[in-house]
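Summary of structural features
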Amino acid sequence: MKIAELGRSALQEIGAHRTRSAMTALSLSIGIAAMLFTFSQTAGMMKRYDDALRLAGPGRLVISPRRGYAGKGLSPGLTFSDAREIRLRYPELYMVSPRNSHYGLDGRLDSFKNGDLVGRGITPEWAKRDWVYTMRGRMLNERDLAESARVCVLVEAGSWIKKPFWAKYWPEQALTKHISRRDPLGRRILLGEHLFTVVGVLKEPPKDLDPRWFRTWGGSGQVLVPLTTLQRSLMPRYQKNPDVVEEIAVDTGDAETAAAYLRRIKVLLLARHRGEEDFEIKDYREIMQSALKQMKEFVVSIMIIGLVAILASGIGIMNVTLATIFSRVKEIGIRRALGATRADIIWQFTSEAMMLGVLGGAGARRSASSASGRSRRARSACSRSARYTWAARC
Amino acid sequence: MSAPAAITVENLARTYQGGYQALKGVTFSVAAGEFAAIMGPSGCGKSTLLNILGLLDRPTGGTYRLEGALTAGLGDAELTALRRARIGFVFQAFNLLPRLSALENVALPMAYAGAAVAPRLERARALLDRVGLGRKGEHTPLQLSGGERQRVGIARALANKPALLLADEPTGNLDSTSSAEILALFKELNAEGTTIVLVTHDPAIGASAQRVLRVKDGLLA
């Protein structure tokens, strides 16, 4: 029998048993969609890893206080002075960027009043990496830092190009909402108990285009201030040592030198901390790999679920096909009597199963592609933001 | 030298699993162009014999020659090819495929024989005309009466121009009028040279046949 006739016969049978065919195709769809989604996630994950590394810089090290470390009282902790010393000792480093944050900061700008802002104390070197913003006004400079100037840069959170259904009730940042209505540039904002001048506004890229937007907690709004100003004016009074920082980001500028500088900085900090290893230095690639490992475990679990779904649907289909064959034994006998070979009969049932497989696969492809659409947009955007980074570096 | 008989069976036996002997050694022959009826009580082995003659079943003993050729050594594919080319089946329950139209049912054996679409549909139409159903080609079996379904069944049996027509109680499900029409059709086909072997309980049909083979307890009486 010709292929076209087998196809027609298969379609006739599928049409004659619509519910059974639809259920079979649905179970196939679910299994295949899970697999396709997993594969696309894996591919997207690898791409994001590359993009994130490119954004972060090739020789990125992250120095942070060691969690759960019981100090002996000898070390002052990780401080801005440590960052200065690193910069002084190794002027060839591309970036030494200390950062501290004050969460739950009170802020007031015109009618806007909020007690959940995040004040981030930074140095001008902060802008050397991860730069995916659109700038209005100016960025913080060395003079602001030296004078502990009461100036700030407000961060306007990215909006959505196409808001996904799950983000429908995602609250918009209160500060972003306010400054989108009235330009704050050059105006005064009350942070804590002090008035600051808004010298710049950083606009983040749209969330769909920013692969990093999930990673940072911005409270009701982020305000960037010089690190020295944060230490002097905004840190809570109970803070024993206002010089401490939550992180020092270092970029050696070259992936191959990262390991060597990691050792050197460790020796330097150990000496400064009087032998107390109350800090940890991580190669950013290790952090990413650790995150990647977690993601991989997640992906593997999805893949297992997909395989189980495919296996279950496969057994279901075999069962249904067997039931179909047994219910059509008489028809098989008639066809054999009319001259059908065994191969004709086998092909007849196989083409029906293949047709259901194709229908299920097509359904799966549709649902999987819509599910992975966000990842794809984010991936392409990530590449765009990476290009933008180097072009817009200040 | 005379033409070989259409069917020659010698000591044909068929024993099923469990030891039941449906045929215990049947010997007879049917000449080409003959119209033979097989009669006997229910369970005597008539249908088993017809299945073996139609190459749908294999005997467990004896020999069966179709048009002089021994069938014992043939494989499944060869038997299928032989059945497709030389034998037509007519069933008591019509056995038309319900989702196909009358025309498609008649064309189906030709599809299995590898005929192209246009010629086989043309021949199917001609065969339906022949059995008086030229206008009902697009009807499905459910839209036809019992007699019409059986006529479609006969047209289908004739699709590949078989030399041998086997019919298993072809009038068993029909009223007397339809039975008479079907019998007339068989006679017409036989007159054109088709060998016909049919199984029947109907003495009237038996009387119309040139020869009656009576089977009882797996043996020819």
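In what follows, the structure referred to is the one given above.
Residues numbered from 1 in each chain as written. Chains lettered and ligands numbered in written order. Predicted model: local features only at pLDDT ≥ 70, side-chain atom pairs only at ≥ 80, totals over all residues. Heavy atoms only, no water.

**Side note on the overall build of chain B**
The criterion, for reference: To qualify as a helix, a DSSP run of H or I must reach at least 4 residues; to qualify as a strand, a run of E must reach at least 2; elements of each kind are numbered from the N terminus. When a residue's accessible area, from a 1.4 Å probe over protein chains only, is under 20% of the maximum for its type it is buried; when over 50% it is exposed; and in between it is partly exposed. The convention is simple: Lys and Arg are positive, Asp and Glu are negative, and His and the chain ends are not counted. Here the site of a charge means NZ on Lys, CZ on Arg, CG on Asp, or CD on Glu.
Counting secondary structure elements, chain B contains seven helices and 10 strands. On the principal axes, the C-alpha backbone points of chain B span a range of 45 × 40 × 35 Å. By the burial criterion, 51% of the 221 residues in chain B qualify as buried. Across chain B, the 23 positively charged side chains and the 19 negatively charged ones have centroids separated by 2 Å.

**A word on the overall build of chain A**
Rules: In this analysis, two residues are considered to be in contact whenever any of their non-hydrogen atoms come within 4.5 Å of each other. Areas reported as accessible are Shrake-Rupley estimates using a 1.4 Å probe. Residue values count occlusion only from the protein chains shown.
A tally of regular secondary structure across chain A gives 11 helices and 10 strands. Scored against the burial criterion, the 394 residues of chain A give a buried share of 49%. Put simply, 79% of the contacts in chain A that link residues at least 6 apart link residues at least 24 apart. Accessible area for chain A stands at about 20200 Å²; split by element, carbon and sulfur atoms hold 60% of it.

**What about the sheet that holds strand 4 (residues 61-66) of chain B?**
Residues and elements named next belong to chain B. Quick reminder of the rule: When DSSP finds two or more bridges between a pair of strands, those strands are recorded as paired.
The four strands lie next to each other as 2-1-4-5, forming an open sheet whose pairing is antiparallel. Bordering the open sheet on either side are strand 2 (21-30) and strand 5 (69-70), each of which pairs with just one other strand. With five bridges connecting them, strand 1 (residues 7-15) and strand 4 associate as antiparallel partners. Its bridge partner lying in strand 4, Ala13 is registered against Gly61.

**Considerations on the environment of Leu185 of chain A**
Residue and element names in this part refer to chain A. Looking at the secondary structure, you find Leu185 in the loop between helix 5 (174-181) and strand 6 (188-191). On a C-alpha basis, the gap between Leu185 and Val199 in space is 6.0 Å, while along the polypeptide they are 14 residues apart. Setting aside chain neighbours within four positions, we find Leu185 in contact with Arg136, Gly137, Val198, Val199, Gly200 and Val201.

**A word on the nonpolar core**
The cut-off we apply is this: Joining through side-chain atoms within 4.5 Å is the link that ties buried Ala, Val, Leu, Ile, Met, Phe, Trp, Tyr and Cys residues into a set, and such a set is a nonpolar core.
Ile63, Ile86, Leu154, Leu191 and Ile265 of chain A are the most contacted members of the largest nonpolar core, which has 40 residues in total. Looking at which element gives the most residues to this core, the answer is helix 7 (residues 258-272) of chain A, with six residues. Among residues more than four places away in sequence, those in contact with Ile63 of chain A are Leu78, Ile86, Glu246, Glu247, Ile248, Val250, Ile265, Leu269, Phe279, Glu280 and Ile281 of chain A. Counting residues in hydrophobic clusters, the runner-up holds 34 residues, among them Phe35, Leu144, Leu174 and Ile182 of chain B.

**What about the pattern of salt bridges?**
What counts, and what does not: A side-chain nitrogen of Lys or Arg and a carboxyl oxygen of Asp or Glu constitute a salt bridge if their distance falls within 4 Å.
Going through the model one piece at a time under the given rule, you end up with 29 salt bridges over all chains. Of the charged contacts in the structure, one is a salt bridge between Arg272 of chain A and Glu85 of chain A, with a shortest N-O distance of 3.9 Å. Here Arg272 of chain A is found in helix 7, whereas its partner Glu85 of chain A is found in helix 3 (residues 80-89), with 187 residues between them in sequence. Exposure remark for Arg272 of chain A: the relative accessible area of 30% places this residue in the partly exposed category. In this structure, the salt-bridge partner of Glu148 of chain B is Lys136 of chain B, at a minimum N-O distance of 2.6 Å. Of this pair, Glu148 of chain B sits in helix 5 (residues 146-157) while Lys136 of chain B sits in the loop between helix 4 (117-130) and helix 5, and the two are 12 residues apart along the sequence. Taken together, the shared-partner salt bridges connect Asp82, Glu85, Arg89 and Arg272 of chain A into one network.

**With respect to the packing of helix 3 of chain A against helix 7 of chain A**
Residue and element names in this part refer to chain A. Under the convention used in this document: Geometry is summarised by axes, namely lines fitted to C-alpha atoms with helices restricted to the contacting stretch, and by angles between N-to-C directions that run from 0 to 180 degrees. What sets the label is the angle itself: under 35 degrees gives roughly parallel, over 145 gives roughly antiparallel, 65 to 115 gives roughly perpendicular, and the rest give oblique. Each crossing gets its hand from how the near helix is turned against the far one by less than a right angle, where anticlockwise is left-handed and clockwise is right-handed.
Relative orientation of the contacting elements helix 3 and helix 7 amounts to 135 degrees, with a least axis distance of 11 Å. Here helix 3 lies oblique to helix 7, going by the angle between them. Handedness of the crossing formed by helix 3 with helix 7: right-handed. The residues of helix 7 that touch helix 3, namely those facing Ser81, Asp82, Glu85, Ile86 and Arg89, are Ile265, Leu268, Leu269 and Arg272.

**Concerning the interface of chain B and chain A**
One frequently used descriptor of interface size is the decrease in accessible area upon assembly of the parts. Rule in force here: Here the quantity called buried area is the accessible surface, traced with a 1.4 Å probe, that two parts lose on coming together, added over both. N or O atoms within 3.5 Å of each other form a polar contact, as long as, within protein, one can give a hydrogen and the other can take it, and as long as residues adjacent in sequence are counted only when both atoms are side-chain atoms. Following the grouping adopted for this structure description, the nonpolar residues are Ala, Val, Leu, Ile, Met, Phe, Trp, Tyr, Cys and Pro, the charged ones are Asp, Glu, Lys and Arg, and the polar ones are all others, Gly among them.
In this complex, chain B contributes 20 residues to the contact, which on the side of chain A involves 21 residues. Both sides of the chain B and chain A interface together cover about 1800 Å² of buried area, and 54% of this is carbon and sulfur. Three residues stand out in chain B for area buried against chain A, namely Leu97, Arg99 and Tyr112 of chain B, and they jointly supply 35% of the buried area on that side. At the junction of chain B and chain A, the tally comes to two salt bridges. With a closest N to O distance of 3.3 Å, Asp76 of chain B and Arg342 of chain A form a salt bridge. Along the contact surface separating chain B from chain A lie seven residue pairs in polar contact (both at pLDDT 80 or more). Broken down by element, the residue count for the side of chain B that touches chain A peaks at five residues, all from helix 3 (residues 102-112) of chain B. When the residues that make up the side of chain B that touches chain A are grouped by side-chain class, the tally is 11 nonpolar, two polar and seven charged.

**Topic: the pairing of strand 2 (residues 95-109) of chain A**
Residues and elements named next belong to chain A. When strand 2 meets strand 9 (residues 247-251), the two strands line up antiparallel, connected through five bridges. When the sheet's bridge partners are listed, Met95 is paired in strand 9 with Asp251. The sheet contact formed by strand 2 and strand 3 (residues 112-122) spans eight bridges and is antiparallel. The residue bridging Leu105 from the neighbouring strand is Leu117, located in strand 3. Between strand 2 and strand 3, which follow one another and run antiparallel, lie two residues, and Asp110 among them has a positive phi close to 55 degrees. As paired strands, strand 2 and strand 6 are joined by two bridges and run antiparallel to one another. When the sheet's bridge partners are listed, Arg108 is paired in strand 6 with Leu190.

**Notes on the sheet that holds strand 9 (residues 211-216) of chain B**
Residue and element names in this part refer to chain B. Within the open sheet, the six strands sit side by side as 6-7-8-3-9-10. Their pairing is mixed. One side of each edge strand has no neighbouring strand; the edge strands of this open sheet are strand 6 (87-90) and strand 10 (219-220). Two elements, strand 7 (residues 164-168) and strand 8 (residues 195-199), share five bridges in a ladder whose sense is parallel. Its bridge partner being in strand 8, Leu165 is matched across the sheet by Ile196. Contacting strand 3 (35-39), strand 6, strand 7, strand 8 and strand 9, helix 1 (residues 46-53) runs over the sheet at an angle of about 155 degrees to strand 7. Running over the sheet, helix 5 touches strand 6 and strand 7 and is turned about 170 degrees from strand 6.

**With respect to the pairing of strand 7 of chain B**
Across a regular strand the side chains alternate sides, sitting on one face of the sheet and then on the other. All names here are of chain B. Put simply, the rule is: We call a crossover right-handed when, viewed with the strands running away from us, the connection from the first strand over the helix to the second turns clockwise.
Counted residue by residue, strand 7 has five buried out of five residues, so it is predominantly covered. Burial along strand 7 is two-sided: the residues Leu164, Leu166 and Asp168 and Leu165 and Ala167 are all buried. Alignment of strand 6 against strand 7, held across four bridges, turns out to be parallel. Considered in strand 7, the bridge of Ile87 is made with Leu164. For the crossover from strand 7 across helix 6 (residues 176-191) to strand 8, the handedness is right-handed.

**Things to note about the environment of Ser367 of chain A**
All names here are of chain A. Take Ser367: it is sitting in helix 10 (residues 342-371). With relative accessibility at 37%, the residue Ser367 sits in the partly exposed group. Through-space distance from the C-alpha of Ser367 to that of Ala43 is 17 Å; in sequence the pair is 324 residues apart.

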